[in-house]
Amino acid sequence: MDVIIWLKEMFRQELDLRPPSLARINEKSIIIYDGDYPIAHAIKTNRWKGFEINSLVVDPTHRGKGISHKLLEKCGNGRLFAYTRDSRLQSVLEKAGFERAISPGLLCSLNVLLSRLAMVSWMILSLEFERIIHQLKHILDYKLYVRE
């Protein structure tokens, strides 16, 4: 199966993630396969003195098998952080040595804010109102996890 088609379908199913039209596969993508079939994806984005792990998704048929742990291992060492409201991913992050935090730092926060504003603008232009409403409704539920 084509990875980008699979990734867009995963994004379509998960309203907490970016819109399917913004799905990208590039050198920052971390993909786990089961044979020729993609089953997990994450992307690391440089956010000023650290990397944000975003768009982490595991195919629903493969959840509960430790795939998220493998994705995090493939993210490597160094300063990493992730925002999530998913309790399963929060548990995985804690087991991987991430700790709850209030902010990833001033410059990093500004970088994240700019990227989120650009994403919301794109969601408005692409008429992703259900996704916008969902994310705004749950904005206070997202928690930050950081690993130095």
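Our structure's up above, just so we're on the same page.
This structure is a prediction, so every number in the text was calculated from the model and none was measured.

## As for the pattern of salt bridges
Inference 1: With the rule as written, the count across this model stands at eight salt bridges.
Inference 2: Glu 52 is the partner of Arg 47 in a salt bridge, and the nearest nitrogen-oxygen pair spans 2.8 Å. For the pair Arg 47 and Glu 52, a shared accessibility class is recorded, and that class is buried.
Inference 3: One continuous salt-bridge network, built from bridges that share partners, spans Arg 47, Glu 52 and Arg 116.

## Quick look at the packing of helix H2 (residues 67-74) against helix H3 (residues 87-95)
Inference 1: With their axes 10 Å apart at the nearest point, H2 and H3 run at an angle of 50° to one another. Judged on the interaxial angle alone, H3 and H2 are oblique. Note on packing geometry: the crossing formed by H2 with H3 is right-handed. Seen from H2, the contacting residues are Ser 68, His 69 and Leu 72; seen from H3, they are Val 92, Leu 93 and Lys 95.
Inference 2: A class-by-class count of the residues in the contact of H2 with H3 yields three nonpolar, two polar and one charged.

## Concerning the pairing of strand S2 (residues 37-46)
Inference 1: Summarising burial for S2: eight of the 10 residues are buried, a large majority.
Inference 2: Here six bridges tie strand S1 (residues 29-34) to S2, and the two strands are oriented antiparallel to one another. For Ile 32, the partnering residue across the bridge sits in S2 and is Ala 40.
Inference 3: Counted along the chain from S1 to the antiparallel partner S2, the turn is two residues long, and its residue Gly 35 has a positive phi close to 70°.
Inference 4: When S2 meets strand S3 (residues 51-58), the two strands line up antiparallel, connected through six bridges. Among the inter-strand pairings, Thr 45 is bridged to a residue of S3, identified as Glu 52.
Inference 5: The antiparallel hairpin formed by S2 and S3 contains four residues in its connecting segment, where Trp 48 sits at a positive phi of about 70°.

What counts and what doesn't
Residues numbered from 1 in each chain as written. Predicted model: local features only at pLDDT ≥ 70, side-chain atom pairs only at ≥ 80, totals over all residues. Heavy atoms only, no water. Salt bridge = Lys/Arg side-chain N within 4 Å of Asp/Glu carboxyl O. Buried < 20%, exposed > 50% of the residue type's maximum accessible area, 1.4 Å probe, protein only. Axes fitted to C-alpha atoms, helices over the stretch in contact; angles between N-to-C directions. Helix = DSSP H or I, 4+ residues; strand = E, 2+ residues; numbered from the N terminus. Parallel < 35°, antiparallel > 145°, perpendicular 65-115°, else oblique. Left-handed = near helix turned anticlockwise from the far one by under 90°. Contact = heavy atoms within 4.5 Å. Nonpolar A, V, L, I, M, F, W, Y, C, P; charged D, E, K, R; others polar. Pairing = 2+ DSSP bridges.

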